[in-house]
Amino acid sequence: MPRGGKREGAGRKPVEKPASTTPPRAAPRFEPTIVDGLAEPEWAAQFTDELDQDLARRQWRVIIGELRASEKLANANERQVKRLVDAYVLYEIAMRHVADEGAVFPRMGKKQPAYNPWFTILKDANAMASAAEAELTITPRRRNNGGKVQRSKPSVIGGGYLKAVAK
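Because the structure is a prediction, the values reported are computed rather than measured. (Residues numbered from 1 in each chain as written. Predicted model: local features only at pLDDT ≥ 70, side-chain atom pairs only at ≥ 80, totals over all residues. Heavy atoms only, no water.)

### Some thoughts on the overall build of the protein
Move 1: Helix and strand counts for the protein stand at three helices and four strands.
Move 2: Going from N to C terminus, the protein has its helices and strands arranged as β-β-α-α-β-β-α.
Move 3: Out of the 167 residues in the protein, the part that is buried amounts to 25%.
Move 4: The long-range share in the protein, meaning contacts at least 24 apart out of those at least 6 apart in sequence, stands at 56%.
Move 5: In the form shown here, the protein has an accessible surface area of approximately 13400 Å², with 54% of it arising from carbon and sulfur atoms. (Helix = DSSP H or I, 4+ residues; strand = E, 2+ residues; numbered from the N terminus. Buried < 20%, exposed > 50% of the residue type's maximum accessible area, 1.4 Å probe, protein only. Contact = heavy atoms within 4.5 Å. Areas by Shrake-Rupley, 256 points an atom, 1.4 Å probe, with all protein chains shown as cover.)

Here you go:
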């Protein structure tokens, strides 16, 4: 409460705020992007900051594009891709905090400085991202380790030498 006693009550009349003429805006409806049967998660349900949501959206599209180009995109990878994006975004959040506050800071009354908790989260997010990248065989070093996803091809009549006859 500000000094000067501007609160309601004690004989004061309540202050009326003017009514807004514009109706409240509804939140935009989430339309997931679907790539080869994989639906993009709703990042707004997980991250409150719009910059983090945008980063998650961009990273998801990059990872899906990499997996598709290397023919390793499968529906079974959906949760692992989401965990990888989570680790990337968490790393960026922690990096912002560490850049603002520093990796270590002096403790009150102690000679030994303390690690910033965000620095620990930064290291853990890096380890999680590295593990998820290895699982998905995204990095160039591990790209040859994973097998390609077998896509079912439509059957070709006569080995491709014969044409289908119209009935």
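### Let's talk about the nonpolar core
Move 1: Grouped together as the largest cluster of nonpolar side chains are 22 residues, with contacts concentrated most on Ile-63 and Leu-84.
Move 2: Looking at this core, the elements that each hand over two or more residues are helix H1 (50-69), helix H2 (78-101) and helix H3 (117-136).
Move 3: The dominant element in this core, judged by the number of residues it contributes, is H2, at seven residues.
Move 4: Look past the residues within four positions of Leu-84 in its chain and what remains in contact with it is Ile-63, Ala-129, Ala-132, Glu-133, Leu-136 and Ile-138. (Core = buried A, V, L, I, M, F, W, Y, C linked by side-chain atoms within 4.5 Å.)

### With respect to the packing of aromatic side chains
Move 1: A full pass over the atoms with the stated rule returns two aromatic pairs.
Move 2: One cation-aromatic arrangement involves Lys-123 over Tyr-115; the distance from NZ or CZ to the ring centre is 5.7 Å. (Phe/Tyr/Trp six-rings, centres within 6.5 Å; stacked < 30°, edge-to-face > 60°. Lys NZ or Arg CZ within 6 Å of the ring centre and 35° of its normal.)

### Looking at H2
Move 1: The end-to-end C-alpha separation of H2 is 35 Å, in line with the 34 Å expected for 24 residues at 1.5 Å each.
Move 2: Among all positions of H2, only Gln-80, Val-81, Lys-82, Leu-84, Val-85, Asp-86, Ala-87, Tyr-88, Val-89, Ile-93, Ala-94 and Val-98 are buried. (Expected span 1.5 Å × (residues − 1).)

### Some thoughts on the pattern of salt bridges
Side chains that carry opposite charge are capable of pairing whenever their charged atoms lie near each other.
Move 1: In total, this model carries six salt bridges according to the counting rule given.
Move 2: The partner of Arg-61 in a salt bridge is Glu-40, and the shortest N-O contact between them spans 3.6 Å. With Arg-61 in helix H1 and Glu-40 in the loop between strand S2 (38-39) and H1, this pair connects stretches of sequence that are 21 residues apart.
Move 3: Judged by its relative accessible area of 43%, Arg-61 is partly exposed.
Move 4: What makes Glu-40 buried here is its relative accessible area of 4%. (Salt bridge = Lys/Arg side-chain N within 4 Å of Asp/Glu carboxyl O.)

### Details of unusual backbone geometry
Move 1: With a phi close to 55 degrees, Glu-71 is a non-glycine residue in the positive phi region.
Move 2: Looking at the element boundaries, Glu-71 is found in the loop between H1 and H2.
Move 3: A relative accessible area of 45% places Glu-71 in the partly exposed class.
Move 4: Phi at Thr-137 takes a positive value of approximately 50 degrees, unusual for a residue other than glycine.
Move 5: In this structure, Thr-137 sits in the segment after H3.

Purely spatial values, then, with no claim about function.
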